[in-house]
Every structure is written in C-alpha cells, then in structure tokens.
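For reference, the chains in residue letters:
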Amino acid sequence: MKLPEANNFIEQIINEELEAGKFESVGNKIQVRFPPEPNGYLHIGHIKAMCINFGVKDKYNGKLNLRMDDTNPAKEDYEYVNSIVEAVKWLGFEYDKLVFASDYYDKLYEIAEKYILDGVAYVCDLSAEEITATRGTLTEAGKESPYRNRSVEENLKLFREMKAGKYPDGAKVLRAKIDMASPNINMRDPIIYRIAHVPHYRTGDKWCIYPMYDFAHPVSDAIEGITHSLCSLEFENHRPLYNWFVERSGLPKPLPRQIEFARLNITNMLMSKRYLKKLVDEGFVRGWDDPRMPTVMGLKKRGVPPEALKKFCADVGVAKAYSVVNQAQLDSCIRDNLNENAERAMAVLNPLKLTITNYVGEENLSFEKNPLKQDGGERDIKFTGSVYIERDDFSLNPPPKYKRLCKGGTVRLKSAYIVRCDEVKIGADGEAEELFCTYFPETRSGSAQPSEIKAKGVIQWVDAKYGVDAEYRQYKPLLKDEQYPDQDYAERLDTESEKIFYGKAEPYLFENGEGKAYQLIRCGYYKSFAGEKVLSEIVSLKDSFNK
RNA sequence: UGGGGUGUCGCCAAGCGGUAAGGCACGGGAUUUUGAUUCCCGCAUUCGUAGGUUCGAAUCCUGCCACCCCAGCCA
C-alpha cells in the first residue's frame, strides 16, 4: 500500500496502523468527524481542529462527518447548528454527512441496556452531592455506591422507569460499574445517563434522560464507523473510559481510536465561550460577528480570507506540547494572502486637503488593481488637482528621516505627480488645515523622471471632487494584555477599541462591498475590511496590522 | 504526598542512534512610484537538568526539576 507522507504525529500513527493492516476490513477507509456542540459559535480554535480533521480526511481520501454533539438539551439550539454549518462552508471544508448525536438516542439507549444486561452498569439513587462526596479525591479512593450491586433485573426495571419519566431530575442516574479506587477519577463509576425533564431542540420531549458525553461520544464514533477520534489534550484522561465504553458496546470493529492534540492558543485572543458570550451580552462588541471577535464570522467580517486561516493552521502544526502562538504569526498569514490576492485601492481615514495651485482641468490616471497579478486589470481614477491626503502624511515638524510631506518638501502622490508644499494654512487648533502645493507636470507617473525633481516618499490620496465620503470604524484588539483575564477582564478592556473616522475613499472601494483590502501607502501595511451593507461604512482592520 | 501528559532559538515546530529542517519575530544589505512587497545574508556547538549506555545520543536507560490536565448529573 502506498502511504502518503505524514506531516504530523497523528498521520504518523495512522500510517503505522494502515501498514499493520488495522483497517483492511473496511477497505482501508479512514473515517473522522468534527464534533462541535451546538451551544455556541465556532472560533479560530475550532478552525485548527477542522484543519486537522479535514486534513486527515483529504490526505487519506477518507470520510468526515460533521456531527453535532448535542447531548445536553439545556444549552443547545438550531441557531448554533445553523451558524456552525455556515462557518464550515465559508471556510470551504466539505464534509460527507451532517449528523447529530441526538440521531443515535435510541441506539445509545439500547447499548446502555446492554451494559446493564452485561452487569457493567447500574442505576444509582445517590444525589449529586453524595456522588461528589463519594468520588474520593486525587489521592484517596472513592467509596462504592450502596446501589452498586443491584440485580440486573432491578437495574433494567429502574432504568426503564427513568426513561418513562417516573423520576424527577436528579433522583437517579445510570452509572458504569468500573472501579471506585481507580487513580483515574474518570473511571470511578462515571455517569452514563442523567434525568433531565428538558425538551431537546430536535427530539422535543421524547426523552427525559440524556446520555453523558463520556458515553455518547465514543459510542457515537463507533456507530458511525469512525476510525480516528481526534480531540484536544484535556480528554487524554478520558481515553481509558472512551475505550471502556467502545469495547463493551458490541459495535463492530475496527473500533475508533482517540488521539489527542494541543488546542490552539494565540496571544491576546480569548476563545472561551464564557468570555466571548460576556463580551456580546454586555455590549463590549457589536455581536458574535464583530470584527474584534475570534469567531469564524468575526474573522470573516474582518476581511480575513479562509485560505489565510488554513495556512496559519498549517504553519502552526499539530503537536502535544502546550503552546501559545504569537498573534504576529496569524497576521503574517493574513498579510501574505492579502498581498497576493487583494485588489488595491486608496483611502484616507483622516483627510487633509491638498490643493495644487498651478493645476487646471482634470484627467484620468490608471491604477493596477493588483500589482502582483499580471492580469489583475486596471482601474481609472480622476485627478483634479485638488485632493485629500492622510493627515499623518504631512508633518509640521518632521522628524529626522521623514519621507513624506512637510513645508517646502516634496512627495509623490501615488501614480500621479510629485508635488511641493509651498504654503500651509493653519487652523484654529494649531494643526494644518490645508496645504497649497505646486505640481511638476513632467513627473507624471510613467514618464521618465527628471533628475532635478525628486521625492523620497510616496503617499496615497483621494480626489476631492470624485472621492466619496466614508465612515471608517477602526478596531483595536479588545485586550491590552494578558491571555486569560478571568474575573476582572472588563477592567482590562481597551475602551477605545472602536474608533470612528470620517474620511474619503475612491469610489472603487465600494464597487463590491466585501473582502477588498486597501492599504495605507504611508505605512505600507495592509488593512482589510469587510464592507458592510451600508456604503458609507467601511470597517477597517484592527490594529494588529500596525507595525 | 494519586494518575495522565509535555519540556528542541523570543514564539510555533521538524527530528525517531550518525553529528540541530522550516515558519513567525528580529538584525543587516540590495532593488522599489506603497517606510509595503520582492530579494539576498545573519540568527540553537546545542535540545529542561544530572548521570549512564554507545565509536557516536535531542533521539536509548536512570534519577531529578518545571509546567499543563483530571474530583460537572458540561462537552
């Protein structure tokens, strides 16, 4: 068998198993799954998990189920499943089937009865507090439940009564009979089913008992014929239990194997649902798709191309060591992608009027839409000799090595002419209000530059007559510092994280609202924005692109 | 003082007994009508630590040390 080259330890394991013939009975088909719980929105951490799972699927020509791990009706809803599906599709991942853990409720129940019949599960009447109290501690063994040795018949009867709704929430649970003295606390008779008289968003009130993750997940994997169940490190301690459930399920081999990897952490990015929800609920951001959010929809709105995110995940790699990736690494991937693909346009956030005193009439200037793409096309911009430039591109007191405009200095208006600033009109606030310049016709872009007229800098501009008014929302990172702010997170929020500018932009920016990038020539970095539906509103990228 | 994991450059990360890949960041230089891009060049005599085995170790063995995870009827 010809095996693909393994790019990480997971693929290495798969290769070894394939080589050993572990999956011959299923035609060497690898099956994986991506199993979010529909109780929140997908974020960049999930993207890493998707890249790993979809990556395995593609590499081995296998199958992947998008599975909603919906076994806790109190938290789940269609709102989330829809957003998850939407996010997966936007990222361009193609799954084979959309499935739900709740599809398996009948089968799961049946297997639970099998455990009872096999004498490895029992109904326990202990209260939640009592169970906690008898579970023991990290260093002490737990105590066996007094209900642990009920007969198979009694367990079956009780379990069926639980299912039939005879008992209130919390009155009874079904437990696995494993080992109360196990050093692995997960193995101390974990709960399989709990009673919850809560309607489920899919099954309604058909059930009043719901399976626990530790049971439902491995068994769902086995039901689907998953060969590799890839999850994050915190489930390592659950693996023995995973195997315990799967081995006793009676489901056909090959049984799924759980492999854990380190989850993604990025400096200054909080990904916990609890935290993100707070930001939304308490109005720190405009919603789950706010460009400052690390959610998939937030990233989309920020103008981040899916391919940049995939590249980032590929760069970061898959390993088991706890790590925090520097956000600069993400930014680099985004910049790379934008540099390669984004169409160019000019805009000024904070306009300063520049009038050319010796210019008459108007003309068209030609611009490349994307200098990196030979066939990127061109666009025309009107030039009337009266323009707006970025306020930062002019300085009353230029620092040493300043390359842009100052009084008496020259600068090139990109793709137009070199101008010299002759006069500065100072406003009441002491700041420059308008610049009066001379332009040099012979320096028109494209013509051979006369040696006597030079400009060190090149700045962007928007024509005063043809440029359109634009509102910019500029976002900064939500957190000033610290990875996990915990309870006092609110104090660390940067209240200036959203700033409004009223600037100018060339009309081209609005031709098709979304995902176009513009750049500030002065800084030479890219800012991307996802155009909102309202034309006058441009959302610029957060500060992370600043140097 | 239980169990399960992990420790390779500032941050990720290859490496699987034959003499430390790559990316990000950083520094230097060249080209440039974006202080961007592109392009060169530099950036771990050393792999948590102390020993041992070996002709040879980041890789094998032993002991220490540090950090992470686990005591939800959440996932």
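This text follows the structure it describes.
This text gives an overview of the structure that appears in the document. Remember, predicted model here, so these are calculated numbers, not experimental data.

**Considering the packing of helix α11 (residues 306–316) against helix α12 (residues 327–341)**
Across the interface, α11 lies against α12 with an axial gap of 9 Å and an inter-helix angle of 135°. It follows that α11 is oblique to α12 by the angle criterion. Like other packed secondary-structure pairs, α11 and α12 cross with a definite hand, here right-handed. Within the contact between the two elements, α11 uses E307, A308, L309, K311, F312 and D315 and α12 uses Q329, L330, C333, I334 and N337.

**Concerning helix α6 (residues 152–164)**
Look at α6: 18 Å from first C-alpha to last across 13 residues, which is about the 18 Å you get at 1.5 Å a residue. Every buried residue of α6 is accounted for by N155, L156, L158, F159, E161 and M162. Buried residues along α6 sit in contact with α4 (105–117), β4 (121–124), β5 (173–176), β6 (191–195) and β7 (209–211). Just beyond α6, the residue with positive phi is G165, at close to 90°.

**Here we look at the pairing of strand β2 (residues 63–68)**
In terms of burial, β2 is largely enclosed, as five of its six residues are buried. Across four bridges, the pairing between strand β1 (residues 31–34) and β2 is parallel. Bridged to F34 within β2 is L66. Taken together, β1, helix α2 (residues 44–59) and β2 form a β-α-β motif whose crossover is right-handed. Inspection of the sheet shows β2 paired to strand β3 (residues 97–100) by four bridges, in the parallel sense.

**Topic: the packing of α2 against α11**
At their nearest, the axes of α2 and α11 sit 10 Å apart, and the two run at 70° to each other. Judged on the interaxial angle alone, α11 and α2 are roughly perpendicular. For the pair α2 and α11, the contacting residues are I44, I47, K48 and C51 in the first and L309, K310, F312 and C313 in the second. In terms of residue class, the contact of α2 with α11 is built from six nonpolar, no polar and two charged.

Calculation criteria
- Residues numbered from 1 in each chain as written.
- Chains lettered and ligands numbered in written order.
- Predicted model: local features only at pLDDT ≥ 70, side-chain atom pairs only at ≥ 80, totals over all residues.
- Heavy atoms only, no water.
- Axes fitted to C-alpha atoms, helices over the stretch in contact; angles between N-to-C directions.
- Helix = DSSP H or I, 4+ residues; strand = E, 2+ residues; numbered from the N terminus.
- Parallel < 35°, antiparallel > 145°, perpendicular 65-115°, else oblique.
- Left-handed = near helix turned anticlockwise from the far one by under 90°.
- Contact = heavy atoms within 4.5 Å.
- Expected span 1.5 Å × (residues − 1).
- Buried < 20%, exposed > 50% of the residue type's maximum accessible area, 1.4 Å probe, protein only.
- Pairing = 2+ DSSP bridges.
- Right-handed = clockwise from strand over helix to strand, strands pointing away.
- Nonpolar A, V, L, I, M, F, W, Y, C, P; charged D, E, K, R; others polar.

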